[in-house]
Number of protein chains: 2
Amino acid sequence: MPVEAKLEATGRPASPPLTERQEARRRRILHASAQLASRGGFDAVQMREVAESSQVALGTLYRYFPSKVHLLVATMQDQLEHMHGTLRKKPPQGETAAERVAETLMRAFRALQREPHLADAMVRALTFADRSVSPEVDQVSRQTTVIILDAMGQENPTSEQLSAVRVIEHTWHSALITWLSGRASIAQVKIDIETVCRLIDLTAPQNKP
Amino acid sequence: MPVEAKLEATGRPASPPLTERQEARRRRILHASAQLASRGGFDAVQMREVAESSQVALGTLYRYFPSKVHLLVATMQDQLEHMHGTLRKKPPQGETAAERVAETLMRAFRALQREPHLADAMVRALTFADRSVSPEVDQVSRQTTVIILDAMGQENPTSEQLSAVRVIEHTWHSALITWLSGRASIAQVKIDIETVCRLIDLTAPQNKP
DNA sequence: ATCAAGTCTGAAACTTGTTCTAGATTAGCG
DNA sequence: CGCTAATCTAGAACAAGTTTCAGACTTGAT
């Protein structure tokens, strides 16, 4: 295994290891970002304000996160790690894999509901991201996949199931957006999530070995 | 029925009817928008350039389309109308509703592939749109729904089927984004579309009466 | 044809993301 | 400690979306 490919536990590439002060700066920036986002969503996260709140020069902010979208996607990675930890503690109770996944996603959904502006900022950044942010967005996607597979309780998913999981992720993001922009109710999101989760049972090789 | 609620054939609200010159301006603007988008995607659609290309003052451009996102979403409405017309001419051949829908979407997908920059601009605008663009985004969504229902050949869909259609739309948008940002191959998009389309048969009350 | 109201133009100004620069600070090393 | 390279800071500068405004032009009604 080539040394360059090593990853930290977080799955982020471990390029140059940060000093303590740098790690602290990075945390301050992410914290400021999340805080501003919680207040007013995507637009409220203004780079100058983030820099000021986190006691860092604008140029430094851009050295850590090369664009506003990078910053917000990193913020999302951060929040996702939190959420994965929280979800892990109380595994879903459903009988079927579909039920468990739907339950997990709705739980995540309710968590986002508590900070709708933050959710707005993160999701808008995620879908607005262009090619230059692909690695980071991909990382978020992988993290989401892990959460879903966890809920399924599936160790070795078939490629069919992986496709179903991707579709569920698509639906999850897109449904989130329609809710955030006020075009769908929570009830509707719930129905759509439950609908798409049926795909899981449909693609299961057998219900339980 | 209140007069104010009247809609044109296009489904757009018929607020104040435009004069001929105004209609011409509007077309010039949309044309310039599509042309610039085809060249370089979202970033290449610069409001000053659109104004110049369409021989209209910047202020006028903003009177017609209150933001860049509004403009691009309107551009998408325009293109969708085209596409619906084109698709109508050659109805899909599949046996099942699921096959027909998948075929239609993949056909639309290949059309977008021919102008990837334009697709990029439109889709990014669509998902980046905030509440202030909801009516227009909703209109795009309705138009997409009509295309899918057309492909299904379903006159009176059940609410279950409508949910399946919404999930398909979610998947369609989101898959498009992952493809546009280089995170998924066309083959993968095809698989995902086919996967999600299975939901249609799953939710069909009976295959054919 | 004329007038009032509404529309269009051109240009400047403002906002916020992003880049650049010169000098101060810090980290790692001999 | 003292050096060097890398990093950080403050602030100016630039780019593109958006707003504003005074004056010219159109439109519709009388």
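What counts and how
Residues numbered from 1 in each chain as written. Chains lettered and ligands numbered in written order. Predicted model: local features only at pLDDT ≥ 70, side-chain atom pairs only at ≥ 80, totals over all residues. Heavy atoms only, no water. Near = heavy atom within 4 Å. Polar contact = N/O pair within 3.5 Å; in protein donor to acceptor, adjacent residues only side chain to side chain. Helix = DSSP H or I, 4+ residues; strand = E, 2+ residues; numbered from the N terminus. Nonpolar A, V, L, I, M, F, W, Y, C, P; charged D, E, K, R; others polar. Contact = heavy atoms within 4.5 Å. Buried area = accessible area lost by both parts, 1.4 Å probe. Salt bridge = Lys/Arg side-chain N within 4 Å of Asp/Glu carboxyl O. Least-squares fit on C-alpha atoms with pLDDT ≥ 70 in both. Axes fitted to C-alpha atoms, helices over the stretch in contact; angles between N-to-C directions. Parallel < 35°, antiparallel > 145°, perpendicular 65-115°, else oblique. Core = buried A, V, L, I, M, F, W, Y, C linked by side-chain atoms within 4.5 Å. Buried < 20%, exposed > 50% of the residue type's maximum accessible area, 1.4 Å probe, protein only. pLDDT = per-residue confidence, 0-100. Phe/Tyr/Trp six-rings, centres within 6.5 Å; stacked < 30°, edge-to-face > 60°. Lys NZ or Arg CZ within 6 Å of the ring centre and 35° of its normal. Left-handed = near helix turned anticlockwise from the far one by under 90°.

### Overview of the protein's contact with DNA strand C
With respect to spatial proximity, 18 residues lie near DNA strand C, and among them A:R48, A:K68, B:R25, B:T60 and B:Y64 are the closest. In DNA strand C, atoms within 4 Å of the protein come from the sugar-phosphate backbone in 62% of cases. Residue B:R25 places a side-chain N or O atom 2.8 Å away from a phosphate oxygen belonging to DNA strand C. Within the contact set of DNA strand C, a phosphate oxygen lies 3.0 Å away from a backbone nitrogen or oxygen of B:A57. When contributions to the surface near DNA strand C are tallied by element, the ones reaching two or more residues are α2 (47-53) and α3 (58-64) of chain A together with α1 (20-44) and α3 (58-64) of chain B. Residues belonging to the surface near DNA strand C are distributed by class as follows: seven nonpolar, five polar and six charged.

### Quick word on the interface of chain B and chain A
Think of interface size as the accessible area that goes away when the parts come together; that is how it is often given. Every contact between the two is made by 34 residues of chain B and, on the other side, 34 residues of chain A. Where chain B abuts chain A, roughly 3,200 Å² becomes buried across the two surfaces, and 54% of that area is made up of carbon and sulfur atoms. Three residues, B:F128, B:H170 and B:R183, lead the burial of chain B against chain A; their summed loss comes to 20% of the area buried on that side. With its nearest N and O atoms 2.4 Å apart, the salt bridge here joins A:R198 to B:E160.

### Focus on the relation of the copies chain B and chain A
With an RMSD of 0.0 Å, the fit of chain B onto chain A corresponds to turning through 180° and sliding 0.0 Å along the axis. The two molecules are tied by a two-fold rotation axis, judged by turn and shift. Here 100% of the contact residues of chain B are again contact residues in chain A; the copies associate through an equivalent surface.

### Let's talk about the packing of α1(B) against helix α4 (residues 68-89) of chain B
Residue and element names in this part refer to chain B. At their nearest, the axes of α1 and α4 sit 10 Å apart, and the two run at 100° to each other. The pairing of α1 with α4 is recorded here as roughly perpendicular in orientation. Facing R27, I29, L30, S33, A34, F42 and D43 of α1, the residues of α4 in contact are K68, L71, L72, A74, T75, D78 and Q79. For the contact of α1 with α4, the class distribution of residues is seven nonpolar, three polar and four charged.

### Quick word on the nonpolar core
In this structure, A:L61, A:L71, A:V101, B:L61, B:L71 and B:V101 are the most contacted members of the largest nonpolar core, which totals 132 residues. Beyond its immediate sequence surroundings of up to four residues, B:L71 is in contact with B:I29, B:L30, B:S33, B:V45, B:M47, B:V50, B:L61 and B:F65.

### A few points about the protein's contact with DNA strand D
In the vicinity of DNA strand D lie 18 residues, with A:R25, A:T60, A:Y64, B:R48 and B:K68 positioned nearest. Within 4 Å of the protein, the atoms of DNA strand D are drawn from sugar and phosphate moieties in a proportion of 64%. Contacts to DNA strand D include A:A57, whose backbone N or O atom sits 3.0 Å from a phosphate oxygen. When contributions to the surface near DNA strand D are tallied by element, the ones reaching two or more residues are α1 (20-44) and α3 of chain A together with α2 (47-53) and α3 of chain B. Counted by class, the surface near DNA strand D contains seven nonpolar, five polar and six charged residues.

### Observations regarding the confidence of the model for chain A
Residue and element names in this part refer to chain A. Across chain A, pLDDT averages 90, with 89% of residues at or above 70. At the level of individual helices and strands, chain A shows its lowest average pLDDT in helix α9 (residues 186-203), which scores 92, and its highest in α2, which scores 98. In this model, residues 1-9 is a region of pLDDT below 50 whose contacts with residues beyond four sequence positions or in other chains number four contacts.

### Observations regarding the environment of B:S54
Residue and element names in this part refer to chain B. Within the secondary structure, S54 sits in the loop between α2 and α3. Spatially, the C-alpha atoms of S54 and R28 are 5.1 Å apart, while their sequence positions differ by 26 residues. Setting aside chain neighbours within four positions, we find S54 in contact with R28, I29 and A32.

### Let's talk about the pattern of salt bridges
Any two side chains of opposite charge can pair, given that their charged atoms come close. Going through the model one piece at a time under the given rule, you end up with 18 salt bridges over all chains. Between A:D78 and A:R27 there is a salt bridge whose closest N-O contact spans 3.1 Å. Within this pair, whereas A:D78 is found in helix α4 (residues 68-89), its partner A:R27 is found in helix α1, the two being separated by 51 residues in sequence. You can call A:D78 buried: its relative accessible area is 17%. Residue class for A:R27 comes out partly exposed when judged on its relative accessible area of 38%. Beyond isolated ion pairs, a larger network of salt bridges with shared partners links A:D138, A:R142 and B:R183.

### Structural notes on unusual backbone geometry
Residue and element names in this part refer to chain A. For Q55, which is not a glycine, the phi torsion comes out positive at approximately 60°. Residue placement: Q55 occurs in the loop between α2 and α3. You can call Q55 exposed: its relative accessible area is 65%.

### A look at the packing of aromatic side chains
One pass over the structure, following the stated rule, counts seven aromatic pairs over all chains. Measuring from ring centre to ring centre gives 6.2 Å for B:F109 and B:W172, while their planes differ by 70°; the resulting arrangement is edge-to-face. In this pair, B:F109 sits in helix α5 (residues 97-114) while B:W172 sits in helix α8 (residues 159-180), placing the two residues 63 residues apart along the sequence. Across the pair, exposure class does not vary: B:F109 and B:W172 are buried alike. A cation sits over an aromatic face here: A:R124 above B:F128, 4.7 Å from the ring centre.

### Things to note about the packing of helix α6 (residues 116-128) of chain B against α8(B)
Residue and element names in this part refer to chain B. Running from amino to carboxyl end, α6 crosses α8 at an angle of 130°, the nearest separation of the two axes being 10 Å. In terms of axis orientation, α6 runs oblique to α8. The crossing of α6 and α8 is left-handed. Between α6 and α8, the contacting residues are P116, A119, D120, V123, L126 and T127 on the first element and H173, L176, I177, W179 and L180 on the second. Of the residues belonging to the contact of α6 with α8, the class tally is eight nonpolar, two polar and one charged.

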